[in-house]
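Examination of the molecular architecture
Residue strings, one per chain:
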Amino acid sequence: PGASDVLAVALDGGAKPRGAVVFLHGFGGSFTLPCFHVAEAAAQAGFATRCPSTGPRGDWWSASGEAIVRETMASLRAEGIERIVLAGLSNGGAGVAQLAPRLRGALRGLRQVLDHVEHRGRVERPPGAEELRRRLAGRQAAGGHRGCVD
C-alpha cells in the first residue's frame, strides 16, 4: 500500500497461497522478527503473510491505521487472494479487536496475541499468557528461535 511500509512474505517456490495473514505489529521496535514467526506458521498452512506498519506507535485503531489495513487487504484481493485472516500482537491485537467490527464480512478469521488486557482499570493477563511465556523462554534457552510456532 502507498501510505505504509509492508513486509510481504510469499510461499516457498512461488506456490499460490490458499489465503493470507495480515499481521499487525505492537508498540515500538522492529516488527520484522514477529512477522517472520507469523509468516513461518502461516506458510505451514499455505498462507502468505503481509506485515504493514503504522510506525512505532502501533495505533491500528486510528483512522490512519485502519486505512493501512484496508489498503493491505485491497492489495491482497488485487492479487486474487480472498481468504484473509487479521492477526495482531500487543497493540496489534488491540487493533484487531477494535477493527474487527468495522471489517465485518471482509475477513475469514481473527487472532490476537496479547500480553495483558486492561479491564475496568485493572491489568489482567489473558488465560495462557504465563504458559506461553514459559514455552518461549524454554525455546530461547534451548537455542530455538521458532517463537510460538508449533
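The structure this text deals with has already been given above.
Notes on the structure follow. (Residues numbered from 1 in each chain as written. Predicted model: local features only at pLDDT ≥ 70, side-chain atom pairs only at ≥ 80, totals over all residues. Heavy atoms only, no water.)

1. Section: the overall build of the protein chain
The test is simple: Secondary structure elements follow DSSP: runs of H or I no shorter than four residues count as helices, runs of E no shorter than two count as strands, and numbering proceeds from the N terminus. Any residue under 20% of the maximum accessible area for its type is buried, any over 50% is exposed, and the rest in between are partly exposed; the area is computed with a 1.4 Å probe on protein chains only. Whether two residues touch is decided by their heavy atoms; if any such pair falls within 4.5 Å, the residues are in contact. Only the protein chains shown count as cover for residues, and the accessible areas themselves come from Shrake-Rupley with a 1.4 Å probe.
Of the regular secondary structure elements, the protein chain holds 4 helices and 7 strands. When the elements of the protein chain are put in sequence order from the N terminus, they spell out β-β-α-β-α-β-α-β-β-β-α. Per-residue burial over the protein chain gives 35% buried out of 150 residues. A separation of at least 24 residues holds for 68% of the contacts in the protein chain among residues at least 6 apart in sequence. Looking at the protein chain as shown, the accessible area adds up to about 8600 Å², and 54% of this sits on carbon and sulfur atoms.

2. Section: the side chain of Ser53
Condition: Each polar contact in these results corresponds to two N or O atoms within 3.5 Å; when the atoms are within protein, one needs to be able to donate a hydrogen and the other to accept it, and residues that are neighboring in sequence are counted only if both atoms are side-chain atoms.
Among the secondary structure elements, Ser53 is positioned in the loop between strand E3 (47–52) and helix H2 (63–78). The class for Ser53 is buried, based on a relative accessible area of 14%. At a separation of 3.5 Å, a polar atom in the side chain of Ser53 contacts the side chain of His25.

3. Examining helix H3 (residues 91–99)
Applied cut-off: Taken from the helix axis, the directions to the C-beta atoms give the arc we talk about.
Considered for burial, the residues of H3 that qualify are Gly92, Gly93, Gly95, Val96 and Leu99. Buried residues along H3 cover an arc of 155 degrees about the axis, so they all sit on one side.

4. Focus: the state of the cysteines
We count it as follows: Any cysteine sulfur atom paired with another within 2.5 Å is treated as part of a disulfide.
Scanning all chains against the criterion turns up 1 disulfide. Disulfide pairing places Cys35 opposite Cys51 at an S-S distance of 2.0 Å. Torsion about the S-S bond of the Cys35 and Cys51 cystine: about 85 degrees, corresponding to right-handed handedness. Of the two residues, Cys35 is situated in helix H1 (residues 32–44) and Cys51 in strand E3; the sequence distance between them amounts to 16 residues.

5. Description of the side chain of His25
By the element assignment, His25 lies in the loop between strand E2 (19–24) and H1. Non-local contacts of His25, meaning those with residues more than four positions away in its chain, are made with Phe31, Pro52, Ser53, Thr54, Gly55, Gly58, Trp60, Leu89, Asn91 and Gly92.

6. What to know about the pattern of salt bridges
Put simply, the test is: Definition used for salt bridges: Asp or Glu carboxyl oxygen within 4 Å of a side-chain nitrogen of Lys or Arg.
Taken as a whole, this structure holds 4 salt bridges when the rule is applied. Glu79 is the partner of Arg50 in a salt bridge, and the nearest nitrogen-oxygen pair spans 2.8 Å. Taken together, the positions of Arg50 in strand E3 and Glu79 in the loop between H2 and strand E4 (84–89) put the pair 29 residues apart, joining distant regions of the chain. Residue Arg50 is classed as buried on the basis of its relative accessible area of 11%. Each of the salt bridges in this network shares a partner with another, and the network as a whole consists of Glu66, Arg70 and Arg102.

7. Describing unusual backbone geometry
As a rule of thumb, non-glycine residues mostly have phi less than zero, and peptide bonds are mostly trans rather than cis. Of note in this structure, Ser90 is not a glycine but carries a positive phi near 60 degrees. Relative to the elements of secondary structure, Ser90 occurs in the loop between E4 and H3. Its relative accessible area of 35% is what places Ser90 among the partly exposed residues.

8. What about H2?
Here is the rule: Take the residue count of a helix, subtract one, and multiply by 1.5 Å to get its expected span.
In a regular helix each residue adds 1.5 Å, so 16 residues correspond to 22 Å; H2 covers 22 Å between its end C-alpha atoms and thus fits that length. The secondary structure elements touched by the buried residues of H2 are strand E1 (6–9), E2, E3, E4 and H3. The first or second residue beyond H2 is Gly80, which carries a positive phi of 90 degrees.

9. Describing the nonpolar core
Rules: Put simply, a nonpolar core is a bunch of buried Ala, Val, Leu, Ile, Met, Phe, Trp, Tyr and Cys residues held in one set by side-chain atoms that sit within 4.5 Å of each other.
Membership of the largest hydrophobic core comes to 16 residues, with the highest contact counts inside it found for Val22, Leu24, Val69, Met73, Leu86 and Leu103. Where this core is concerned, the elements lending two or more residues are E2, H2, E4 and H3. Ranked by residues supplied to this core, first place goes to H2 with 4 residues. Apart from the residues within four sequence positions on either side, Val22 is in contact with Arg50, Pro52, Thr72, Met73, Leu76, Ile84, Val85, Leu86 and Ala87.

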